[in-house]
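# Structure at a glance
The lines below spell out each chain.
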Amino acid sequence: MAYIEKQADRHWGFAYLRPRTEKKVAEVLAGRDVPVFLPLVNKARLHHGSKVVTQVPMIPGYIFLAAGDQERNELKRSEKNFVHIELIRTRAEEEQLIRELNALRQFEILAQTQEVHVNPGIQRGDKVVVTQGPLKGLETEVIRRDDARNAIIVNVTILEKTVEYPVSADELKRITS
């Protein structure tokens, strides 16, 4: 989808999905002729010594779609990967969402040639849990962000000593209080 615009008899909104199902759901929606936007970014990793670049969702767990009420209800019934579908019904809010989606599309295009960091909303002082890697399960506090390295600095304090360690933002989940 090159440019996102208002769809007749449909409202733009977002869907929260089961983990790691974004691409599959976007494919299903496209097959049903439901306008869908899944912003992707390149992610490089080493696999057996070789650099492998894959495209991952810019906003994990979410896709954007335009649907009518009947389509929304049918999708909720027939597609098990949907957790929640929220359609924006007021004109002003939908227009704002469409502007934001088009801006997000520009970032997606920019990310093909330049590095773009997605801020997961984790800030200094937030309580987080490490979800993967050697510190998996650790609950700690964010000390600072290091956006140049796409890392969040977390710490452990023991015996009046503080140990700081950079963790990828992708490996953290904010703990709501």
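A brief structural summary.

Definitions and limits used
- Residues numbered from 1 in each chain as written.
- Predicted model: local features only at pLDDT ≥ 70, side-chain atom pairs only at ≥ 80, totals over all residues.
- Heavy atoms only, no water.
- Helix = DSSP H or I, 4+ residues; strand = E, 2+ residues; numbered from the N terminus.
- Buried < 20%, exposed > 50% of the residue type's maximum accessible area, 1.4 Å probe, protein only.
- Contact = heavy atoms within 4.5 Å.
- Salt bridge = Lys/Arg side-chain N within 4 Å of Asp/Glu carboxyl O.
- Expected span 1.5 Å × (residues − 1).
- Arc of directions from axis to C-beta.

### A closer look at the side chain of Asn81
By secondary structure assignment, the location of Asn81 is in the loop between α2 (69-78) and β6 (82-87). Judged by its relative accessible area of 6%, Asn81 is buried. In this view, Asn81 contacts Tyr16, Leu17, Arg18, Thr21, Lys24 and Val25; residues no more than four positions away in its chain are not counted.

### Observations concerning the pattern of salt bridges
All told, the structure shown has 8 salt bridges when counted by the stated rule. Residues Arg77 and Glu74 are paired through a salt bridge, measuring 3.3 Å at the closest nitrogen-oxygen approach. Here Glu74 and Arg77 lie together in helix α2, a separation of 3 residues that amounts to about one turn. The exposure class of Arg77 is exposed, given its relative accessible area of 63%. The partner of Glu95 in a salt bridge is Arg91, with the nearest N and O atoms 3.0 Å apart. Of this pair, Glu95 and Arg91 are both found in helix α3 (residues 91-110), 4 residues apart, which corresponds to roughly one turn of the helix. Judged by relative accessible area, which is 36%, Glu95 ranks as partly exposed.

### Considering α3
Relative to the 28 Å expected for 20 residues at 1.5 Å per residue, α3 spans 29 Å between its end C-alpha atoms, a close match to the ideal helical length. Buried within α3 are the following residues: Glu94, Leu97, Ile98, Leu101, Asn102, Leu104 and Glu108. Burial along α3 is one-sided: seen end-on, the buried residues are contained in an arc of 160 degrees. Among the structural elements, β1 (11-17), β2 (36-37), β3 (40-47) and β5 (62-67) are those in contact with the buried residues of α3.

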